[in-house]
Amino acid sequence: MFAVLKTGGKQYKVQAGDVLRVELIAAVAGEKVQFNEILMVGGDSVTVGAPTVAGAAVVAEVIDTIKADKVITYHKRRRKHSSQRTRGHRQQLTLVRVTEVLASGADASGVKEAVGTASARRAVHGAPAAEVPAKPKRAKKAAAAQE
């Protein structure tokens, strides 16, 4: 049985036993997490979601939090300005091992949902996921303009 799951803006085709490198999720090594955004489940019969399959999930165990290979960007401007710069970036990733694919019954599994770190921060602080707090300077200006 296989499933196509979506996390971190990317889609992955997985089956039990696969090891994935996904965008950073709020979990520590050894924890079990559940991916609930399942786009397709296959096996004996194929179920395609519209947009997701209701009740389906993928349960995985977090192995470790790692950094990806360094991505180098090279910036060059006009001559005589000594502005050749090399800037690198290493993306934070989470290694997970898929333990099982659930075609139904995801609500009753009792496993923590896999969420990204930004979503987890908003959930802890009680802010709705769609609402992004205003920057402090802009908030002060907006308050002053309303008075």
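See the structure above.
Structure report, in brief. (Residues numbered from 1 in each chain as written. Predicted model: local features only at pLDDT ≥ 70, side-chain atom pairs only at ≥ 80, totals over all residues. Heavy atoms only, no water.)

## Here we look at the overall build of the protein
And then number 1: When helices and strands are tallied, the protein shows 2 helices and 11 strands.
And then number 2: Considering only contacts in the protein between residues 6 or more positions apart, those separated by 24 or more positions represent 67%.
And then number 3: As displayed, the protein has an accessible area near 10200 Å², and 51% of this comes from carbon and sulfur atoms. (Helix = DSSP H or I, 4+ residues; strand = E, 2+ residues; numbered from the N terminus. Contact = heavy atoms within 4.5 Å. Areas by Shrake-Rupley, 256 points an atom, 1.4 Å probe, with all protein chains shown as cover.)

## Structural notes on the packing of aromatic side chains
And then number 1: Counted under the stated rule, the structure contains 0 aromatic pairs.
And then number 2: Residue placement shows Lys13 over the ring face of Phe2; its charged tip is 4.8 Å from the ring centre. (Phe/Tyr/Trp six-rings, centres within 6.5 Å; stacked < 30°, edge-to-face > 60°. Lys NZ or Arg CZ within 6 Å of the ring centre and 35° of its normal.)

## With respect to the sheet that holds strand E4 (residues 32–35)
And then number 1: The strand order across the open sheet formed by 5 strands is E3-E10-E7-E4-E11, and the pairing between neighbours is mixed. Looking at the sheet topology across the chains shown, the edges are occupied by strand E3 (19–23) and strand E11 (112–113).
And then number 2: Where E3 lies against strand E10 (residues 92–102), 5 bridges are found, and the strand directions are antiparallel. Within E10, the residue paired with Val22 across the bridge is Thr94. (Pairing = 2+ DSSP bridges.)

## A look at the nonpolar core
Within soluble globular proteins, side chains that are nonpolar generally end up buried alongside one another.
And then number 1: Formed by 21 residues in total, the largest nonpolar core has its most connected members in Val14, Val33, Phe35, Val58 and Val96.
And then number 2: Contributing elements (two or more residues each) for this core: strand E1 (2–7), strand E2 (10–15), E3, E4, strand E5 (38–42), strand E7 (57–67) and E10.
And then number 3: The contact partners of Val58, leaving out residues within four places of it in the chain, are Ala3, Leu5, Val14, Val33, Gln34, Phe35, Ile38, Val98, Glu100 and Val101. (Core = buried A, V, L, I, M, F, W, Y, C linked by side-chain atoms within 4.5 Å. Buried < 20%, exposed > 50% of the residue type's maximum accessible area, 1.4 Å probe, protein only.)

## A few points about the sheet that holds strand E6 (residues 47–48)
And then number 1: Across the sheet, 4 strands lie side by side as E2-E1-E5-E6; this open sheet has antiparallel pairing. Looking at strand neighbours, the two that pair on one side only are E2 and E6, the edges of this open sheet.
And then number 2: Where E5 and E6 come together, 2 bridges link them in antiparallel fashion. Looking at the pairing, Val41 lines up with Thr47 of E6.

## Here we look at the side chain of Gln34
And then number 1: Considering the arrangement of structural elements, one finds Gln34 in strand E4.
And then number 2: Once residues lying within four places of it in the same chain are set aside, the contact partners of Gln34 are Ala57, Val58, Val59, Ala106, Ser109, Val111, Lys112, Glu113 and Ala114.

## With respect to the side chain of Thr94
And then number 1: Tracing the sequence through the fold places Thr94 in strand E10.
And then number 2: Residue classification places Thr94 among the buried residues on the basis of a relative accessible area of 0%.
And then number 3: Within the structure, the side chain of Thr94 is placed 3.2 Å from the backbone nitrogen of Ile25, a separation counted as a polar contact.
And then number 4: Excluding its chain neighbours within four sequence positions, the residues that come into contact with Thr94 are Leu20, Arg21, Val22, Glu23, Leu24, Ile25, Val62, Asp64 and Thr65. (Polar contact = N/O pair within 3.5 Å; in protein donor to acceptor, adjacent residues only side chain to side chain.)

## Some words on the pattern of salt bridges
And then number 1: On inspection of all chains with the given rule, the structure shows 3 salt bridges.
And then number 2: Note that Lys112 and Glu31 form a salt bridge whose closest N and O atoms lie 3.1 Å from each other. Taken as a pair, Lys112 in strand E11 and Glu31 in the loop between E3 and E4 lie far apart in primary sequence, 81 residues in all. (Salt bridge = Lys/Arg side-chain N within 4 Å of Asp/Glu carboxyl O.)

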